[in-house]
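A closer look at the structure
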Amino acid sequence: MINKPEYSLPRRNFLRGQFLNSLKTEDVKKQGYAVIRPPWANPDKFLDKCTACGNCITHCEAQILVRDQDGYPYVDFSQGKQECLFCKACVTSCKVNLFRSTDEIAWQHKVEIQTNCLANKLIECRSCEDSCEQRAIRFKREIGKVAKPLLNLELCNGCGACLSSCPTQAITILYL
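Remember, it's a predicted structure, so these values are computed and weren't measured experimentally.

About the thresholds
Residues numbered from 1 in each chain as written. Predicted model: local features only at pLDDT ≥ 70, side-chain atom pairs only at ≥ 80, totals over all residues. Heavy atoms only, no water. Core = buried A, V, L, I, M, F, W, Y, C linked by side-chain atoms within 4.5 Å. Buried < 20%, exposed > 50% of the residue type's maximum accessible area, 1.4 Å probe, protein only. Contact = heavy atoms within 4.5 Å. Helix = DSSP H or I, 4+ residues; strand = E, 2+ residues; numbered from the N terminus. pLDDT = per-residue confidence, 0-100.

1. Points about the nonpolar core
- In this structure, Ile 64, Leu 65, Val 75, Phe 77, Phe 99 and Ile 171 are the most contacted members of the largest nonpolar core, which totals 37 residues.
- In contact with Leu 65, other than residues within four places in its own chain, are Pro 38, Cys 56, Ile 57, Cys 60, Tyr 74, Val 75 and Cys 90.

Quick look at the structure:
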């Protein structure tokens, strides 16, 4: 059995009642309980080797990197430009070998569209499609009906652009 404590609901948060959607913070609603480290971060080495120097935070062009309670950098898609630009500044500014090759996929997470999407309530909205540069979110148009979102997970790069553009916060992070 694989132990993934950062991908599960911490016991303390469960006892505080954060398992209820109504009690979740906006960050947790969008990004879940798992911490998203900078793109191309090697999850096996990150906490062991990161010195928490803050170089990646200060060099991030999108300004989405912030410090967690222990001082380590993590991605907060509600900050700065609210999406990762994949500028690689975090990788090049790091003085420790924490990152994988930038030729690899930046993250393993993708996005997921929830049932509270306006299209499911028969309201036209395509803001997520407009913000998705990868074209991972498309809308299937039908005559006489509201277009429904179609998500292509193979095209999704996890940049987070669609998270802030959704007026109902119907898009969340899906951890694979």
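Alright, that's what it looks like, and here's the rest.
2. Looking at unusual backbone geometry
- Its identity as a non-glycine residue notwithstanding, Gln 82 has a phi of 65°, on the positive side.
- For Gln 82, the position within the fold is in the loop between β2 (73-75) and α5 (89-93).
- Of the residues examined, Gln 82 reaches a relative accessible area of 27% and is grouped as partly exposed.
- If you check the backbone angles, Leu 122 has positive phi at about 65° while not being a glycine.

3. Structural notes on the side chain of Arg 37
- Take Arg 37: it is sitting in the loop between α2 (26-31) and α3 (46-49).
- The buried category is assigned to Arg 37, whose relative accessible area is 14%.
- Among residues more than four places away in sequence, those in contact with Arg 37 are Phe 46, Leu 47, Asp 68, Tyr 72, Pro 73, Tyr 74, Val 75 and Trp 107.

4. Here we look at the environment of Pro 43
- Looking at the element boundaries, Pro 43 is found in the loop between α2 and α3.
- As a C-alpha pair, Pro 43 and Leu 98 span 55 residues in sequence and 8.6 Å in three-dimensional space.

5. Let's talk about the environment of Ile 36
- Tracing the chain through its elements places Ile 36 in the loop between α2 and α3.
- Judged by relative accessible area, which is 3%, Ile 36 ranks as buried.
- Put simply, Ile 36 and Asp 76 are 40 residues apart on the chain and 7.8 Å apart in space, counted from C-alpha to C-alpha.

6. Regarding the confidence of the model for the chain
- Within the chain, residue pLDDT values average 85, and 81% of them lie at 70 or more.
- pLDDT under 50 marks residues 1-7. Its contacts with residues more than four places away, or in other chains, come to five contacts.

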